[in-house]
Amino acid sequence: MHPEPRDEIRVASFRDLDNTTLYAILKLRVDVFVVEQKCPYPELDGRDAEPATRHVWLQRGDDVLAYLRILDDGGGIERIGRVVTAPGARQDGYASRLMEHALTVVGNRPAVLGAQAHLAGFYARFGFEVAGERYVEDGIPHVPMKRSGPLSTAPS
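Residues numbered from 1 in each chain as written. Predicted model: local features only at pLDDT ≥ 70, side-chain atom pairs only at ≥ 80, totals over all residues. Heavy atoms only, no water.

1. Things to note about the overall build of the protein chain
Then step 1. A count of helices and strands for the protein chain gives 3 helices and 8 strands.
Then step 2. Along the protein chain, helices (α) and strands (β) appear in the sequence β-α-β-β-β-α-β-α-β-β-β when read from the amino end.
Then step 3. Rg of the C-alpha trace for the protein chain: 16 Å, near the compact-globule value of 15 Å for 156 residues, within the 12% margin.
Then step 4. Overall, the protein chain is about 55 × 40 × 30 Å in size when its C-alpha atoms are taken along their principal axes.
Then step 5. A burial count over the protein chain gives 39% of its 156 residues as buried.
Then step 6. Across the protein chain, contacts joining residues at least 24 apart in sequence account for 59% of those joining residues at least 6 apart. (Helix = DSSP H or I, 4+ residues; strand = E, 2+ residues; numbered from the N terminus. Rg over C-alpha atoms; globule rule 2.2 N^0.38 Å. Buried < 20%, exposed > 50% of the residue type's maximum accessible area, 1.4 Å probe, protein only. Contact = heavy atoms within 4.5 Å.)

Right, dumping it as structure tokens:
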């Protein structure tokens, strides 16, 4: 009898991703962002392969359950993007686990993201604040958000 596969968070650069994992990540992103959300846009934007990009995902066995990427936006600013959870794995806290892990990778550096507007409260839990006007991208309202550094644990 084989034990149940356990959930594992992984981090890798593009060149360190094996073909099977890369395919699973790209399939998840296209299935959700292009097909489910009906946004025909250039999902493969060239930034995945940048040397400083870090791919962060949660997998169980060969299944990628959730994913995000961290981009170097220059000037010491990190950009978190492509935050996605597989439809069958939603409501299990995977996106929160990935965000927490991503912020350990980001460390003290400032981070930005473009949040779908209805998810601004989710990102606020990780110290992100709205940092500009609402905009529409691919037919979906978004807000720019930023996080100056790690969450303070000092009393206010």
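Now that the structure is up, let's keep going.
2. Quick word on unusual backbone geometry
Then step 1. Positive phi, normally seen in glycine, also occurs at Lys-38, with a value near 55°.
Then step 2. Its location among the elements puts Lys-38 in the loop between helix H1 (19-36) and strand S2 (54-60).

3. As for the nonpolar core
The nonpolar side chains of soluble globular proteins are, as a tendency, buried together.
Then step 1. Leu-68, Ile-80, Met-99, Leu-113, Tyr-123, Phe-128 and Met-145 are the most contacted members of the largest nonpolar core, which totals 39 residues.
Then step 2. Beyond its immediate stretch of four places on either side in the chain, Ile-80 contacts Leu-68, Arg-69, Ile-70, Met-99, Ala-102, Leu-103, Val-112, Leu-113 and Phe-128. (Core = buried A, V, L, I, M, F, W, Y, C linked by side-chain atoms within 4.5 Å.)

4. Observations concerning helix H2 (residues 94-106)
Then step 1. Here H2 spans 18 Å end to end across 13 residues, near enough to the 18 Å set by a 1.5 Å rise per residue.
Then step 2. Of the residues making up H2, those classed as buried are Tyr-94, Ala-95, Ser-96, Leu-98, Met-99, Ala-102, Leu-103 and Val-106.
Then step 3. Once H2 ends, the next one or two residues include Gly-107, with phi positive near 65°. (Expected span 1.5 Å × (residues − 1).)

5. A look at H1
Then step 1. Between its first and last C-alpha atoms H1 spans 24 Å; for 18 residues at 1.5 Å apiece the expected length is 26 Å, and the two agree.
Then step 2. Considering bend angle alone, the principal kink of H1 is centred on Val-30 and spans about 25°.
Then step 3. Among all positions of H1, only Thr-21, Leu-22, Ala-24, Ile-25, Leu-28, Arg-29, Val-32 and Phe-33 are buried.
Then step 4. Against S2, strand S3 (63-72) and strand S4 (78-85) lie the buried residues of H1.
Then step 5. The residue sitting at the N-terminus of H1 and contributing the capping side-chain oxygen is Asp-18; that oxygen lies 3.0 Å from the backbone nitrogen of Thr-20.
Then step 6. Positive phi appears at Lys-38, one or two residues downstream of H1, with a value of about 55°. (Bend = angle between axes of the 7 residues up to and from the residue. Polar contact = N/O pair within 3.5 Å; in protein donor to acceptor, adjacent residues only side chain to side chain.)

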